[in-house]
Amino acid sequence: MDQIDAKTMIELEAAAFRTLRAHLMEKRTDVQNIDMMNLAGFCRNCLSRWVQEAAQERGIEMSKDAARELYYGMPYEDWKAQTQTEASAEQHAAFKTAFAENVGEADKS
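Residues numbered from 1 in each chain as written. Predicted model: local features only at pLDDT ≥ 70, side-chain atom pairs only at ≥ 80, totals over all residues. Heavy atoms only, no water.

- In the nomenclature of an unreviewed UniProt entry, the protein is known as SMc04008-like domain-containing protein of Celeribacter baekdonensis.

In structure tokens, the structure reads:
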């Protein structure tokens with residue numbers, strides 16, 4: 001790792017993020033956001049929020065909707081209509097716990 005300079009490391013990390021995004025958006029659209037959150041403590045919305053927060057840390061104004069559209073490649077409501085299914089009561093209950101543990105605030109999605 002010592003031979004990798006900081007700029008190259010950022011490029012590698014960015015490439016890994018793009019691969020993760022493509023995997024979730026193209027290859028695994030069947031994986032529901034709520035299941036990701038319940039099992040892993042993050043979901044596609046978290047990834048878009050992290051992009052938004054990174055932009056804001058750099059002085060770039062970005063709304064939640066703009067970040068989601070950037071991440072999803074379309075308006076979030078369109079993504080939901082095309083790929084997401086209705087969650088069960090059990091999934092919603094587990095989500096409340098996972099969201100509180102991993103995000104630490106009320107659900108704003």
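The structure having been displayed, the exposition proceeds.
**Looking at the nonpolar core**
Step number 1: With 16 residues, the main nonpolar core has Met37, Tyr71 and Tyr72 as its most contacted residues.
Step number 2: If you list the elements that add at least two residues to this core, you get helix H1 (6-27), helix H2 (33-40), helix H3 (44-57), helix H4 (64-72), helix H5 (76-83) and helix H6 (89-102).
Step number 3: If we skip the residues at most four places from it in the chain, Met37 touches Phe42, Cys43, Cys46, Phe95, Ala98, Phe99, Asn102 and Val103. (Core = buried A, V, L, I, M, F, W, Y, C linked by side-chain atoms within 4.5 Å. Buried < 20%, exposed > 50% of the residue type's maximum accessible area, 1.4 Å probe, protein only. Helix = DSSP H or I, 4+ residues; strand = E, 2+ residues; numbered from the N terminus. Contact = heavy atoms within 4.5 Å.)

**Focus on the pattern of salt bridges**
Step number 1: Under the counting rule described, the total for this entry stands at five salt bridges.
Step number 2: For Glu57, the salt bridge is made with Arg58, and the minimal N-O distance between the two is 3.8 Å. One exposure class covers both Glu57 and Arg58, and it is exposed.
Step number 3: Lys80 serves as the salt-bridge partner of Glu77, at 3.8 Å between the closest nitrogen and oxygen. Within this pair, Glu77 and its partner Lys80 are both found in helix H5, separated by three residues, close to a single helical turn.
Step number 4: By relative accessible area, which is 32% here, Lys80 ends up partly exposed. (Salt bridge = Lys/Arg side-chain N within 4 Å of Asp/Glu carboxyl O.)

**Overview of H4**
Step number 1: Buried within H4 are the following residues: Ala67, Arg68, Tyr71 and Tyr72. Projected down its long axis, H4 shows its buried positions confined to an angular sector of 120°, all on one face. Exposed and facing more than 90 degrees away from the buried side of H4 are Asp65 and Leu70.
Step number 2: Positive backbone phi, approximately 80°, marks Gly73, located one or two places after H4. (Arc of directions from axis to C-beta.)

**Let's talk about the side chain of Arg44**
Step number 1: By the secondary structure assignment, Arg44 is in helix H3.
Step number 2: Among the polar contacts listed, one links the side chain of Arg44 to the backbone oxygen of Val31, at a separation of 2.9 Å.
Step number 3: Ignoring any residue separated from it by four or fewer positions in sequence, one finds Arg44 in contact with Leu24, Met25, Arg28, Thr29, Val31, Gln32, Asn33, Met36, Tyr71, Tyr72, Trp79 and Gln84. (Polar contact = N/O pair within 3.5 Å; in protein donor to acceptor, adjacent residues only side chain to side chain.)

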